[in-house]
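Each chain, letter by letter, is given below.
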Amino acid sequence: MYKTFETESRVRPDDIDMYKHVHVSKYLDYVLAARYDQMERCYGMGMEKFFERGFGWLVRGVQVDYNRPLVMSDYFIVSTRIDSIEEKKCRVKFSIRNKATNKVSCDGWFDFALIDLESAKGVLIPHDVIEHYTRLVE
């Protein structure tokens, strides 16, 4: 099993929708921001390393299960871990928990594909990247 990493953040006023809780789209932003942080801080292979090689990560699919809302000024923890990594995709599971209650606000997964930035076409994930991530198991 791959390691789980965490990033803490806080709900901002512009995250709130007309129902006075976090808008559905913001949860996706929270996970993507946490992944950006964790790729550099925890994995030692930030997005810039991929850009230098002419690569980028594209979201292929996402599944989100919502349990309870976050509201204005809540602190929350985004936990992510690689579920699987193959030649053509990487699945990352996540959960977002309210820090005060430790209850899950939502959880799910993202499927990412690696693309060539110049052609915008999918490419195989290089073996050195797969090996690097595979070393990060519990």
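Residues numbered from 1 in each chain as written. Predicted model: local features only at pLDDT ≥ 70, side-chain atom pairs only at ≥ 80, totals over all residues. Heavy atoms only, no water.

Trainee: Please give an account of the overall build of the protein chain that cites residues and values.
Mentor: Scanning the protein chain from N- to C-terminus turns up three helices and six strands. In sequence order, the protein chain lays out its α and β elements as β-α-α-β-β-β-β-β-α. Its C-alpha atoms give the protein chain a radius of gyration of 16 Å, near enough to 14 Å, the size a compact globule of 138 residues would have. Each of the three principal axes of the protein chain carries a C-alpha extent, and together these read 45 × 35 × 25 Å. Partitioning the intrachain contacts of the protein chain with sequence separation of at least 6 by distance along the chain shows that 67% fall at a separation of at least 24. With the model as given, the accessible surface of the protein chain reaches about 7,900 Å², and the carbon-plus-sulfur share is 53%. (Helix = DSSP H or I, 4+ residues; strand = E, 2+ residues; numbered from the N terminus. Rg over C-alpha atoms; globule rule 2.2 N^0.38 Å. Contact = heavy atoms within 4.5 Å. Areas by Shrake-Rupley, 256 points an atom, 1.4 Å probe, with all protein chains shown as cover.)

Trainee: Break down the layout of surface pockets for me, with residues and values.
Mentor: Space left empty within the atom packing is revealed by a probe, the size of a water molecule, rolled over the atoms. Taken as a whole, the largest pocket spans an internal volume of roughly 230 Å³. Lining the largest pocket we find Leu32, Arg35, Tyr36, Met39, Met47, Trp57, Leu58, Val59, Cys90, Val92, Phe112 and Tyr133. Taken together, the elements giving at least two residues each to the lining of the largest pocket come down to α1 (24-41), β2 (55-66) and β4 (90-98). When the residues that make up the lining of the largest pocket are grouped by side-chain class, the tally is 11 nonpolar, no polar and one charged. (1 Å grid on protein atoms, 1.4 Å probe; cavity = no way out; pocket = protein on both sides within 12 Å on 5 of 7 lines; lining within 4 Å. Points joined across faces, edges and corners; volume = space filled by probe spheres on them. Nonpolar A, V, L, I, M, F, W, Y, C, P; charged D, E, K, R; others polar.)

Trainee: Describe the side chain of Asp15, with residues and values.
Mentor: For Asp15, the position within the fold is in the loop between β1 (4-10) and α1. The exposure class assigned to Asp15 is buried, which follows from its relative accessible area of 3%. When residues no more than four places from it in sequence are discounted, the contact partners of Asp15 are Arg10, His21, Val22, His23, Lys26 and Tyr30. (Buried < 20%, exposed > 50% of the residue type's maximum accessible area, 1.4 Å probe, protein only.)

Trainee: Explain the pattern of salt bridges to me, using residue names and the numbers behind them.
Mentor: Across all of its chains, the model carries 11 salt bridges by this definition. Note that Arg53 is salt-bridged to Asp128, the shortest N-O span being 2.9 Å. Taken together, the positions of Arg53 in the loop between α2 (47-52) and β2 and Asp128 in helix α3 (residues 127-134) put the pair 75 residues apart, joining distant regions of the chain. With relative accessibility at 40%, the residue Arg53 sits in the partly exposed group. The residue Lys89 makes a salt bridge to Asp111 at a minimum N-O spacing of 3.7 Å. With Lys89 in the loop between β3 (75-85) and β4 and Asp111 in strand β5 (residues 104-116), this pair connects stretches of sequence that are 22 residues apart. One continuous salt-bridge network, built from bridges that share partners, spans Asp15, Lys26 and Asp29. (Salt bridge = Lys/Arg side-chain N within 4 Å of Asp/Glu carboxyl O.)

Trainee: With reference to specific residues and values, describe unusual backbone geometry.
Mentor: The residue Lys20 is not glycine, and still its phi comes out positive at about 65°. Secondary-structure assignment places Lys20 in the loop between β1 and α1. We note that Asn102 has phi near 60°; this positive angle belongs to a residue other than glycine. Relative to the helices and strands, Asn102 resides in the loop between β4 and β5.

Trainee: Tell me about α1, and name the residues and values.
Mentor: In this model α1 runs 27 Å from its N-terminal to its C-terminal C-alpha over 18 residues, within 8% of the 26 Å that 1.5 Å per residue would give. Every buried residue belonging to α1 is among Lys26, Tyr27, Tyr30, Val31, Ala34, Arg35, Gln38 and Met39, and all of these are buried. (Expected span 1.5 Å × (residues − 1).)

Trainee: So what's going on with the environment of Leu136? Which residues, and what values?
Mentor: Summarising the element assignment, Leu136 is placed in the segment after α3. Taking the C-alpha atoms as reference points, Leu136 and Lys3, 133 residues apart in sequence, are found 6.0 Å from one another. Setting aside anything within four residues of it in sequence, one finds Leu136 in contact with Tyr2, Lys3 and Tyr43.

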